[in-house]
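Coordinate analysis (summary)
Next come the chains, spelled out residue by residue.
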Amino acid sequence: MRFGNLSRRLLPPLIALVALFVITPAAMAADGVGTYGRTNDKVVTFFAFGLIAFFAILVTVLSLIQIRLDKRKERRTEDLERLGSR
């Protein structure tokens, strides 16, 4: 029983490590040609802009979700107090 629990915990990191070793040669190809292809300043700049946009959108969406959940929680608390269950 103990071995099964240990193997379940170690299997995902082991798979990730093997995948990393398989992908590494393509990423470290010569002359700047990796998995994407030949990169230049324009490609790197647009990738960085994409990253900035992704995280800005991610923070905005997660904040909107949190605001909605907080309003739902407040509404639920008010309903419980109004009904006298609390």
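Everything below is about the structure shown above.
Residues numbered from 1 in each chain as written. Predicted model: local features only at pLDDT ≥ 70, side-chain atom pairs only at ≥ 80, totals over all residues. Heavy atoms only, no water.

1. Quick word on the pattern of salt bridges
For the structure on display, the rule yields one salt bridge. With a shortest N-O distance of 3.2 Å, R82 and D79 are connected by a salt bridge. Here D79 and R82 lie together in helix α2 (residues 41-83), a separation of three residues that amounts to about one turn. Under the relative-accessibility criterion, R82 is labelled exposed at 62%. (Salt bridge = Lys/Arg side-chain N within 4 Å of Asp/Glu carboxyl O. Helix = DSSP H or I, 4+ residues; strand = E, 2+ residues; numbered from the N terminus. Buried < 20%, exposed > 50% of the residue type's maximum accessible area, 1.4 Å probe, protein only.)

2. A short note on a positive patch on the surface
A cluster of like positive charges, contributed by R68, K71, R72, R75 and R76, occupies part of the molecular surface. With respect to the helices and strands, R76 occurs in helix α2. The exposure class of R76 is exposed, given its relative accessible area of 62%. (Patch = residues over 30% accessible without salt bridge, like charges linked within 9 Å, V, L, I, M, F, W, Y side chains within 5 Å. Areas by Shrake-Rupley, 256 points an atom, 1.4 Å probe, with all protein chains shown as cover. Lys, Arg positive; Asp, Glu negative; His and termini not counted. Charge placed at Lys NZ, Arg CZ, Asp CG, Glu CD.)

3. A short note on α2
Taking 1.5 Å per residue as the helical rise, α2 with its 43 residues ought to reach 63 Å, and the 63 Å between its terminal C-alpha atoms agrees with that figure. You can read the cap of α2 off the contacts: a side-chain oxygen lies 3.2 Å from the backbone nitrogen of K42, and it is on N40. The first or second residue beyond α2 is G84, which carries a positive phi of 80°. (Expected span 1.5 Å × (residues − 1). Polar contact = N/O pair within 3.5 Å; in protein donor to acceptor, adjacent residues only side chain to side chain.)

These figures capture arrangement, not role.
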